[in-house]
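Results of the structural survey
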Amino acid sequence: MSQRIHLIAICGTGMAALAGMLKERGYEVTGSDENIYPPMSTFLEARGIPVASPFAAKNLQPPPDLVVVGNAMSRGNPEVEHVLNEQLRYVSLPELLREYFIRGKYSCVVAGTHGKTTTSSLLAWSLHHAGWEPSFFIGGIPENFGQGYRLGSGRHFVLEGDEYDTAFFDKRAKFLHYLPNLVILNNVEFDHADIYRNLDEVQLAFQRLLNLIPANGFLIANQDDAIVRTLVKRAFCKVISFGTNEPADWRAVDIRTRAHGVEFDVVRAGVTLTRAHLPLAGEHNVKNALAVLAAGEVLGLPLEQRLAALASFRGVQRRLQLRWDDGQHLVFDDFAHHPTAVKATLAGLRQRFPERRLWAVFEPRTATTKRKVFEQDYIAAFAAADRVVFAPMHRADKVPEAERLSLPAVIEGIRAQGIPVDLVPAGSEMANFIARQLQTGDVVLFMSNGDFGGTPALLAGRLMSAAEAAKAARRDS
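What comes next concerns the included structure.

The rules behind these values
Residues numbered from 1 in each chain as written. Predicted model: local features only at pLDDT ≥ 70, side-chain atom pairs only at ≥ 80, totals over all residues. Heavy atoms only, no water. Helix = DSSP H or I, 4+ residues; strand = E, 2+ residues; numbered from the N terminus. Rg over C-alpha atoms; globule rule 2.2 N^0.38 Å. Buried < 20%, exposed > 50% of the residue type's maximum accessible area, 1.4 Å probe, protein only. Areas by Shrake-Rupley, 256 points an atom, 1.4 Å probe, with all protein chains shown as cover. Phe/Tyr/Trp six-rings, centres within 6.5 Å; stacked < 30°, edge-to-face > 60°. Lys NZ or Arg CZ within 6 Å of the ring centre and 35° of its normal. Pairing = 2+ DSSP bridges. Contact = heavy atoms within 4.5 Å. Axes fitted to C-alpha atoms, helices over the stretch in contact; angles between N-to-C directions. Core = buried A, V, L, I, M, F, W, Y, C linked by side-chain atoms within 4.5 Å. Parallel < 35°, antiparallel > 145°, perpendicular 65-115°, else oblique. Left-handed = near helix turned anticlockwise from the far one by under 90°. Nonpolar A, V, L, I, M, F, W, Y, C, P; charged D, E, K, R; others polar. 1 Å grid on protein atoms, 1.4 Å probe; cavity = no way out; pocket = protein on both sides within 12 Å on 5 of 7 lines; lining within 4 Å. Points joined across faces, edges and corners; volume = space filled by probe spheres on them. Arc of directions from axis to C-beta. Disulfide = S-S within 2.5 Å.

1. So, the overall build of the chain
Scanning the chain for helices and strands turns up 14 helices and 23 strands. A compact globule built from 477 residues would reach a C-alpha radius of gyration of about 23 Å, and the chain, at 23 Å, matches this within 12%. Overall, the C-alpha framework of the chain stretches about 70 × 55 × 50 Å when taken along its three principal axes. Across the 477 residues in the chain, those meeting the buried criterion constitute 55%. As displayed, the chain has an accessible area near 19800 Å², and 49% of this comes from carbon and sulfur atoms.

So this is what it looks like as structure tokens:
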């Protein structure tokens, strides 16, 4: 009889992916959640995984062999209370990943404040493209795979190394559970203000990750990041650096932005190897690609195969995902929320479309984006935009007023740079507002870690309807 595993808060992206992996391995899987809707509901239904709602002790009857507690769950949840009262066996998502899937594999952990999802997707694709059949667990949907996890027959397991906390009973960073043999460390900044009080605490979490890399392991480190340069001094493994500045083991030079992506020369140990092409925008993605080229060398992937994987990489959903292109307007959807990510994403689009009017549409939603500590950073982050539109702050009450970002102050700061700024509710009102003011050639970039009230899709729908009406009018005339 197969082991029965129950997941509390199964409809989270990571928890649903874990449920799919367990089902694929032959376990009996059940789950519960409060808000059940597509795409996670249809994903679970298609795999025959029953989901109970709302949370209730009866969902754990008969008692499962193991309970996985999602990190959004806390004391007071009826299922959590039942698990503790009845002394049911329970684990966190990272713990289960480690013991059921990672142990025995060669673990490749991609970490850093920014770029984790794209870099881990690109590394997984590079291994898959070479026929190495990797497993992976990524907090996004790589377009080359169509889902955020895969159980491959190969030796390697690629993981997006999240520094967020593990569970209410384990406040350590998730990536400390992942048994790293190889770590890519892109960058370190203050983020997750609901978990970390300051940058020192963030650095400590990453230092602990580096302390777990065995002596025969590897650290692929961004030489351009000052904090990373400090952290790697205490590594016990071999360190391989990458970046766009001297000195770095892997360097990108002569970076050129094209309409179809970026091209750059790859320099290894001072020797120019070849010209590389990546169908993504921005210097930050060049660094992501360099990290994967360096990791691929360590793992034994031939350079030609690594370059071919770069050129055929299709990106990640909601990472500069193109939602609309009618030859007159472009609409992109992106996950950027930290001011550094906002600035880098806008810079990439500005380089790609230097002559076109660029709209930056932003929703302050995360615990970090809603805090005053980043107020001046956000004012500077939108400097590359021609028009800026903000949605009202999502759940402002979650941040104490004294610590809360002043959206009016940010708006005034951006306006002082001569950039028009508007505050419009997300959803139909925002989609209509933008559609009315679009000009031929405009590029619209939506940035939020949430669904933005469906605004990107609504705007694409408005533009599609307008295009169809224009066609009909031309036919009638």
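2. Observations regarding the packing of aromatic side chains
Across all of its chains, the model carries 14 aromatic pairs by this definition. For the pair Tyr-90 and Phe-169, a centre-to-centre distance of 5.0 Å together with 75° between the ring planes defines the contact as edge-to-face. Of this pair, Tyr-90 sits in strand S5 (residues 90-92) while Phe-169 sits in the loop between strand S10 (165-167) and strand S11 (170-173); the two residues are 79 residues apart in sequence, bridging distant segments of the chain. Ring centres of Phe-136 and Phe-145 lie 4.5 Å apart, and the angle between their planes is 50°; this geometry places the pair in the tilted category. Phe-145 matches Phe-136 in its accessibility class, with the two residues each being buried. Site record: aromatic cluster; members linked through ring pairs are Phe-362, Tyr-378, Phe-382 and Phe-390. Lying across the ring of Phe-43, Arg-47 places its NZ or CZ 3.7 Å from the centre. Stacked on the ring of Phe-335, the Lys or Arg Arg-319 has its end atom at 4.2 Å from the ring centre.

3. Here's the deal with the sheet that holds strand S1 (residues 4-8)
The 5 strands lie next to each other as S3-S2-S1-S4-S5, forming an open sheet whose pairing is parallel. Here the strands that pair on one side only, and so sit at the sheet edges, are strand S3 (51-52) and S5. Of the strand pairs in this sheet, S1 and strand S2 (residues 28-32) are connected by 5 bridges, and their pairing is parallel. Each residue of the ladder has a partner; that of His-6, found in S2, is Thr-30. Helix-sheet contacts for helix H1 (residues 13-24) involve S1, S2 and strand S4 (66-69), and the interaxial angle to S1 is about 170°. Taken strand by strand, helix H3 (residues 78-85) contacts S1, S2, S4 and S5, and its axis lies near 135° from that of S1.

4. Some words on the environment of Leu-438
Counting through the fold element by element, Leu-438 comes out in the loop between helix H13 (428-437) and strand S23 (443-447). As a C-alpha pair, Leu-438 and Arg-357 span 81 residues in sequence and 9.4 Å in three-dimensional space.

5. Description of the nonpolar core
For soluble globular proteins, nonpolar side chains are generally found buried alongside one another. Ranked by internal contacts, the top residues of the largest apolar core, which has 88 residues, are Leu-97 and Phe-382. Sorting elements by how many residues they give to this core places H1 first, with 7 residues. Beyond its immediate chain neighbours, meaning those up to four positions away, Phe-382 contacts Val-342, Leu-346, Ala-360, Phe-362, Val-388, Phe-390, Ile-414, Ile-419 and Met-447. Membership of the second largest hydrophobic core comes to 42 residues, among which are Val-110, Ile-138, Leu-293 and Leu-301.

6. Considerations on the packing of H1 against helix H4 (residues 93-102)
At a minimum axis separation of 11 Å, H1 and H4 run at an interaxial angle of 25°. In this view, H1 runs roughly parallel relative to H4, as classed from their interaxial angle. Handedness of the H1/H4 crossing: left-handed. Only Leu-93, Leu-96, Leu-97, Tyr-100 and Phe-101 of H4 make contact with H1, whose side of the interface consists of Gly-14, Met-15, Leu-18, Met-21 and Leu-22. By residue class, the composition of the contact of H1 with H4 is 9 nonpolar, 1 polar and no charged.

7. Considerations on the sheet that holds strand S12 (residues 182-185)
Strand order in the open sheet made by the 10 strands is S8-S7-S9-S6-S12-S13-S14-S15-S16-S17, with mixed pairing throughout. Each end of this open sheet is capped by a strand with a single partner; those strands are strand S8 (149-150) and strand S17 (271-278). Here strand S6 (residues 106-111) pairs with S12 via 4 bridges, running parallel. Across the sheet, residue Val-109 finds its bridge partner in S12, namely Val-183. Each of S6, strand S9 (156-160), S12, strand S13 (218-222), strand S14 (238-243), strand S15 (250-258), strand S16 (261-268) and S17 touches helix H8 (residues 283-299); the most contacted strand, S15, lies at about 140° to it.

8. Details of empty space enclosed by the protein
On inspection of all chains with the given rule, the structure shows 1 cavity of 30 Å³ or more. Here the largest cavity defines a volume of roughly 40 Å³. Lining the largest cavity, in full, are Phe-362, Pro-364, Thr-369, Tyr-378, Phe-390, Leu-405, Leu-407 and Val-410. The class makeup of the residues in the lining of the largest cavity is 7 nonpolar, 1 polar and no charged.

9. Examining helix H9 (residues 303-311)
For H9, every residue scored as buried is listed here: Leu-303, Arg-306, Leu-307, Ala-309 and Leu-310. In a view along the axis of H9, the buried residues occupy a sector of 160°, so they form one face of it.

10. Digging into the state of the cysteines
What is meant by a disulfide is a covalent connection between two cysteines, made through their sulfur atoms. Here the structure, examined in full by the defined rule, presents 0 disulfides. Residue Cys-108 stays outside any disulfide, its sulfur separated by 13 Å from that of Cys-237, the closest cysteine. Cys-108 gets classed as buried once you look at its relative accessible area, which sits at 0%. According to the relative accessible area criterion, Cys-237 is buried, its value standing at 11%.

11. Comments concerning the packing of H8 against H9
Running from amino to carboxyl end, H8 crosses H9 at an angle of 150°, the nearest separation of the two axes being 10 Å. What the angle tells us is that H8 and H9 run roughly antiparallel. The two elements H8 and H9 cross, and the hand of that crossing is right-handed. Every residue of H9 that contacts H8 at Ala-289, Val-292, Leu-293, Gly-296 and Glu-297 is listed here: Leu-303, Arg-306, Leu-307 and Leu-310. Of the residues that constitute the contact of H8 with H9, the class distribution is 6 nonpolar, 1 polar and 2 charged.

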